[in-house]
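Topology and contacts: notes
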Amino acid sequence: MRLRAQIVVDIDAGDYVEAAEHQNALQRYLRDIQEQYPDASLTMRERRERRHDGLGHAPEPARAGTR
């Protein structure tokens, strides 16, 4: 049986320098994990905020018999 475990950490960083500091800290944790699970890896990517401007939502369907 093959399993995949994921740990998700959402980070708010003010700039790339602060993001790198967070990445370095996570890599230190990863080294500890790799002692037990040598194939463990760390992937980081930038996440974009979603705009909540009402676009992309379909209008509600009209109800039968109502005006």
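Residues numbered from 1 in each chain as written. Predicted model: local features only at pLDDT ≥ 70, side-chain atom pairs only at ≥ 80, totals over all residues. Heavy atoms only, no water.

**Digging into the overall build of the protein**
Basically, it comes down to this: Elements are defined by DSSP. Helices are runs of H or I of four residues or more, strands are runs of E of two residues or more, and each kind is numbered from the N terminus. The rule is simple: take the accessible area with a 1.4 Å probe, protein chains only, and divide by the maximum for that residue type; under 20% is buried, over 50% is exposed, in between is partly exposed. Per-residue and other accessible areas were derived by the Shrake-Rupley procedure at a 1.4 Å probe size, with only the shown protein chains allowed to occlude residues.
On a plain count of helices and strands, the protein comes out with one helix and zero strands. Per-residue burial for the protein yields a buried fraction of 1% across its 67 residues. Carbon and sulfur atoms make up 47% of the accessible area of the protein, which amounts to about 7,700 Å² in all.

**As for the environment of A19**
The condition that has to hold: Residue contacts are counted whenever heavy atoms from the two residues lie within 4.5 Å of one another.
Mapped onto the elements, A19 comes out in helix α1 (residues 16–36). On the accessibility criterion, A19 (26% relative accessible area) is partly exposed. Distance in space between the C-alpha atoms of A19 and M44 is 9.7 Å, their sequence separation being 25 residues. Setting aside anything within four residues of it in sequence, one finds A19 in contact with A13 and M44.

**A look at the pattern of salt bridges**
Selection criterion: Salt bridge criterion: a side-chain nitrogen from Lys or Arg within 4 Å of a carboxyl oxygen from Asp or Glu.
Here the structure, examined in full by the defined rule, presents two salt bridges. Among the salt bridges present, the one from D10 reaches R47, with a minimum N-O distance of 3.0 Å. Here R47 lies in the segment after α1 and D10 lies in the segment before α1, a separation of 37 residues in the sequence. In this structure, D10 and R47 share a single accessibility class: exposed. R48 serves as the salt-bridge partner of E46, at 3.7 Å between the closest nitrogen and oxygen.

**Some thoughts on α1**
Stated formally: Helices are assigned an expected span. That span is 1.5 Å times one less than the residue count. Each polar contact in these results corresponds to two N or O atoms within 3.5 Å; when the atoms are within protein, one needs to be able to donate a hydrogen and the other to accept it, and residues that are neighboring in sequence are counted only if both atoms are side-chain atoms.
For α1, which comprises 21 residues, the first-to-last C-alpha distance of 31 Å matches the rise-based estimate of 30 Å (1.5 Å per residue) to within 8%. Structurally, the start of α1 carries an N-cap: the backbone nitrogen of V17 is 3.2 Å from a side-chain oxygen of D15.

**Concerning a nonpolar patch on the surface**
Test applied: Patch membership needs two things, relative accessible area over 30% and no salt bridge, and members are linked within 9 Å if like-charged or within 5 Å if nonpolar (Val, Leu, Ile, Met, Phe, Trp, Tyr).
Taken together, I7, V9, I11, I33, Y37, L42 and M44 make up a surface patch of nonpolar side chains, about 640 Å² in accessible area. Tracing the backbone shows V9 in the segment before α1.

**Considering the environment of I11**
Looking at the secondary structure, you find I11 in the segment before α1. The exposure class of I11 is partly exposed, given its relative accessible area of 30%. Each C-alpha atom, one on I11 and one on Q23, is 9.8 Å from the other, the two residues being 12 residues apart in sequence. The residues contacting I11, other than those within four sequence positions of it, are H22, L26 and M44.

Don't take any of this as a statement about function, it's just geometry.
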